[in-house]
Amino acid sequence: AAYRSNIAVNFSLPVGLPYSAFSKTMEERGFFCLYGIPGDQSHFQLSTIGHLTDADIEAAKAALSEVFKR
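Now for a description of the structure that goes with this document. Just so it is clear, the model here is predicted, and its values are computed rather than measured. (Residues numbered from 1 in each chain as written. Predicted model: local features only at pLDDT ≥ 70, side-chain atom pairs only at ≥ 80, totals over all residues. Heavy atoms only, no water.)

## Some remarks on helix H1 (residues 19-28)
Point 1. Listing the buried residues of H1 in full gives Tyr-19, Phe-22, Ser-23, Thr-25 and Met-26. Mapping the buried residues of H1 onto a view down its axis gives an arc of 165°, with all of them on the same face. Facing away from the buried surface of H1 by more than 90 degrees, the exposed residues are Lys-24, Glu-27 and Glu-28.
Point 2. Structurally, H1 contributes buried residues whose contacts are with strand S2 (34-35), strand S3 (43-47) and helix H2 (54-69).
Point 3. Just downstream of H1 lies Gly-30, where phi reads positive at about 95°. (Buried < 20%, exposed > 50% of the residue type's maximum accessible area, 1.4 Å probe, protein only. Helix = DSSP H or I, 4+ residues; strand = E, 2+ residues; numbered from the N terminus. Arc of directions from axis to C-beta. Contact = heavy atoms within 4.5 Å.)

## Focus on the pairing of S3
Point 1. Sheet topology places strand S1 (residues 8-12) next to S3; five bridges connect them, and they run antiparallel. Bridging across to S3, Ala-8 finds its partner in Ser-47.
Point 2. Of the pairings in the sheet, the one linking S2 to S3 comprises two bridges and is antiparallel in character. What sits directly across from Leu-34, in S3, is Gln-45. (Pairing = 2+ DSSP bridges.)

## Quick notes on the packing of aromatic side chains
Point 1. Counted according to the given criterion, the structure contains five aromatic pairs.
Point 2. Judged by centre distance (6.5 Å) and plane angle (85°), the rings of Tyr-19 and Tyr-35 are edge-to-face. Of the two residues, Tyr-19 is situated in helix H1 and Tyr-35 in strand S2; the sequence distance between them amounts to 16 residues.
Point 3. Under the relative-accessibility criterion, Tyr-19 is labelled buried at 13%.
Point 4. The partly exposed category is assigned to Tyr-35, whose relative accessible area is 44%.
Point 5. Connected via pairs of aromatic rings, a cluster forms that spans Phe-11, Phe-22, Phe-44 and Phe-68. (Phe/Tyr/Trp six-rings, centres within 6.5 Å; stacked < 30°, edge-to-face > 60°.)

## Quick look at the pattern of salt bridges
Point 1. Taken as a whole, this structure holds three salt bridges when the rule is applied.
Point 2. A salt bridge links Glu-58 to Lys-61, with the shortest nitrogen-to-oxygen separation between them at 3.2 Å. Highlighted residues: Glu-58 and Lys-61, both in helix H2, separated by three residues, approximately one helical turn.
Point 3. Since its relative accessible area comes to 46%, Lys-61 is described here as partly exposed. (Salt bridge = Lys/Arg side-chain N within 4 Å of Asp/Glu carboxyl O.)

Below, the structure is given as structure tokens:
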């Protein structure tokens, strides 16, 4: 609880990459991304639970970059 930010940020997904495909691909890379706007496949949300290290953030950035290159 001491590290919880209580902040969530919604992002638009690239056209042609629905949330259902995006979330499955990110989960395969070890990350769980929430849907952004309920029922809207064009957004996702990043939020944190617990303490993240710089390495955790770099890994998430690398996974997002890899997925968005497709």
